[in-house]
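Observations on chain architecture
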Amino acid sequence: MHETFDGGRRDAIRLLSAAMAAGAWPAAWAQDPFPAKPIRVIVPFAPGGAIDVAVRAMTDRVALEVGQPVVVDAKPGAATIVGADAAAKAAPDGYTVLVTTSSTTINNAGAFKKLPYDPVAGFAPVTLVSLGSVMFAGPAGAPYNNLQEFAQWAKAQKRPISYGTWGKGSSAHLFGELLRTRYGLDMQHVPYKGDVAALSDVRGGVLDTTFSSPVSARPLVRANAIKALGMTGPRRSGGLPELATFGEQGFAGFELAGYVAVYVPAGTPKPVIDRLNKAFVAAIRTPEVSQRLVDQGQDPIASTPEELAEVYKRDAPQWLALMKAAGVEPE
């Protein structure tokens, strides 16, 4: 009996070894089903800002979908480069996710000659979260109430008018350069790590104007602490529907909408990407998260990875051409 058992065990070990050598080891046995541990979501913006707020709402739902904790890791700085680089260099196993704007993959490519990450080949798309707009604002006591009056005031100052953004090459930076080059305004770019600090400096009189997300600016607008002047994008924001767009006020060229998207490091297995896509799409489509996005001037989308790739192919040439027309040179 003992000999039969040993012989059977030896045969089983030989068969198992042969199967492993031949690559026939079942994938389900080789590794735990994804995800088997917490997922880190890198956000390359300052905590408390528009993207950070939306991501935290999403990740709460994603955690329920995947059955694992989802931890938000804010890594602001250098026009999203700090966080994007950390994500691109992470292991391609699905446990590091990047949620960022089109600045990371499009605008930075046109603003910097050399990046520590590849804005296209460094990432694999997961889903397009939303399309969005940004707001332009000045101090509450400013002697102008709309963009036309602001332009007249700016030209009369005989000095550079400072404007804040969340980094060089961002859509906000591009829009400020458009005001400078197309409309003849002497605008001086002041990059911040996020829009919250820039809004604070406008309120305090340190900064003349700033671009911001509606969600970051709305409490200050409602409290008459800052003055909203216009909204970029093709339509008014759901977060501030009373605020006219640049186009409605006679300023053409501000119709392009930036986007928020989810990525993983290049080389992440397709089944893992599909699992993450399913979880993020489900989160975006919940009423709570959708409303949070609308409140900050974003139109919820929730796409497939392939659809996100197509949006990039469609929009990148337009943004890069706009950057060139605005005189933004790579540095």
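Residues numbered from 1 in each chain as written. Predicted model: local features only at pLDDT ≥ 70, side-chain atom pairs only at ≥ 80, totals over all residues. Heavy atoms only, no water.

1. Some remarks on the sheet that holds strand β7 (residues 187–191)
Put simply, the test is: Note on pairing: DSSP must find at least two bridges between two strands before they are called paired. Secondary structure elements are taken from DSSP: a helix is a run of H or I of four residues or more, a strand is a run of E of two residues or more, and numbering for both begins at the N terminus. Convention adopted: a line fitted to C-alpha atoms gives each axis, helices being fitted over their contacting stretch, and angles between N-to-C directions are expressed from 0 to 180 degrees. Residues count as neighbours in contact if any of their non-hydrogen atoms are within 4.5 Å of one another.
What the 5 strands build is an open sheet, ordered β7-β6-β8-β5-β9; its pairing is mixed. Of all strands in the sheet, those with a lone pairing partner are β7 and β9 (226–231), marking the two edges. Across the sheet, the mean angle from the axis of one strand to that of its neighbour is 30°, orientation sign disregarded. Its contacts with the sheet put helix α8 (residues 195–203) on β5 (135–139), β6 (161–165), β8 (209–212) and β9, and the angle it makes with β8 is roughly 150°.

2. Examining unusual backbone geometry
Counted only if it meets this: Each residue's exposure class comes from its accessible area (1.4 Å probe, protein chains only) as a fraction of the maximum for that residue type: buried when under 20%, exposed when over 50%, partly exposed otherwise.
A cis amide bond links Phe34 with the next residue in sequence, Pro35, at an omega value of -5°. By the element assignment, Pro35 lies in the loop between α2 (27–30) and β1 (39–43). In this structure, Thr80 is a non-glycine residue whose phi angle is positive, near 75°. Mapped onto the fold, Thr80 is located in the loop between β2 (70–74) and α4 (81–88). In this structure, Ala302 is a non-glycine residue whose phi angle is positive, near 65°. Its place among the elements puts Ala302 in the loop between β11 (298–300) and α12 (305–325). You can call Ala302 buried: its relative accessible area is 9%.

3. Overview of the nonpolar core
What counts is decided by this rule: Within this scheme, the nonpolar core is defined by two criteria: the residues are buried Ala, Val, Leu, Ile, Met, Phe, Trp, Tyr or Cys, and they are joined through side-chain atoms within 4.5 Å.
Core analysis: the biggest nonpolar cluster contains 84 residues, and Phe150 and Phe211 have the highest contact counts within it. For Phe150, the residues in contact, after removing those within four places along its chain, are Phe136, Tyr144, Ile161, Leu185, Met187, Thr209 and Leu229.

4. A look at the environment of Thr105
Following the sequence through the fold, Thr105 ends up in helix α5 (residues 102–111). For Thr105 and Ala50, which are 55 residues apart along the polypeptide, the C-alpha to C-alpha distance reads 19 Å. Sequence-distant contacts of Thr105, defined by excluding residues within four places in its chain, comprise Pro119, Tyr259, Tyr263 and Tyr312.

5. A closer look at the confidence of the model for the chain
Which entries qualify depends on this criterion: pLDDT gives the predictor's per-residue confidence on a scale running from 0 to 100.
For the chain, per-residue confidence averages 88 on the pLDDT scale, and 90% of positions sit at 70 or higher. Here residues 1–30 is modelled with pLDDT under 50, and outside its nearest four sequence neighbours on either side it reaches 5 contacts, counting other chains as well.

6. Description of the sheet that holds β2
Taken together, the 6 strands give an open sheet; going across it, the order is β2-β1-β3-β10-β4-β11, and neighbouring strands pair in mixed fashion. If you trace the sheet from one side to the other, it starts and ends with β2 and β11, each paired once. Mean inter-strand twist for the sheet, computed between neighbouring axes without regard to direction, equals 30°. As defined by bridge partners, strand β4 (residues 123–132) adjoins strand β10 (residues 258–265) across 8 bridges and the pair is classed as antiparallel. Paired with Pro125 across the two strands is Tyr263, which belongs to β10. Along the sheet, helix α3 (residues 50–66) makes contact with β1, β2, β3 (96–101), β4 and β10, crossing β2 at roughly 160°.

7. Re the side chain of Ser237
Along the chain, Ser237 falls in the loop between β9 and β10. Residue classification places Ser237 among the buried residues on the basis of a relative accessible area of 4%. Other than its neighbours up to four places away in sequence, Ser237 contacts Pro214, Met231, Val294 and Gly297.

8. Side note on α12
Here is the rule we go by: To estimate the expected span of a helix, count its residues, drop one, and scale the result by 1.5 Å. One axis fitted to the seven residues ending at a residue, another fitted to the seven starting there: the angle between these axes is the bend at that residue.
The terminal C-alpha atoms of α12 lie 30 Å apart, and with 21 residues this matches the ideal 30 Å at 1.5 Å per residue to within 8%. Where α12 bends most, at Asp315, the angle is about 30°, and the proline Pro317 comes one to four residues later. Listed as buried for α12 are Pro305, Leu308, Val311, Asp315, Ala316, Trp319, Leu322 and Met323. In this fold, the buried residues of α12 make contact with α5, β4, α7 (171–181), β10 and α10 (270–284). Downstream of α12 by one or two residues, Gly327 has phi in the positive range, about 85°.

9. Examining the packing of aromatic side chains
What counts, and what does not: Within 6.5 Å between ring centres, the rings of Phe, Tyr and Trp (the latter by its six-membered ring) count as paired, and their orientation is classed by plane angle as stacked under 30 degrees, edge-to-face over 60, tilted in between. Geometrically, a charge over a ring is one whose NZ (Lys) or CZ (Arg) sits within 6 Å of the ring centre while staying within 35 degrees of the ring normal.
Under the definition given, this model contains 17 aromatic pairs. Cluster of aromatic residues (ring-pair linked, three or more members): Phe136, Tyr144, Phe150, Trp153, Tyr163, Phe175, Tyr183, Phe211, Phe246, Phe251, Phe254 and Trp319. In this arrangement the basic side chain of Lys37 is found over the ring face of Tyr95, its NZ or CZ atom lying 4.7 Å from the centre.

10. Looking at the pattern of salt bridges
Stated formally: Throughout this description, the term salt bridge denotes a Lys or Arg side-chain nitrogen within 4 Å of a carboxyl oxygen of Asp or Glu.
Under the counting rule described, the total for this entry stands at 13 salt bridges. Notably, a salt bridge pairs Asp52 with Arg56, separated by 2.9 Å at the nearest N-O pair. In this pair, Asp52 and Arg56 are both assigned in helix α3, 4 residues apart and thus about one turn of the helix distant. According to the relative accessible area criterion, Asp52 is buried, its value standing at 3%. Among the salt bridges present, the one from Lys89 reaches Asp85, with a minimum N-O distance of 2.3 Å. We classify Asp85 as buried; its relative accessible area is 18%. Taken together, the shared-partner salt bridges connect Arg40, Asp73 and Lys75 into one network.

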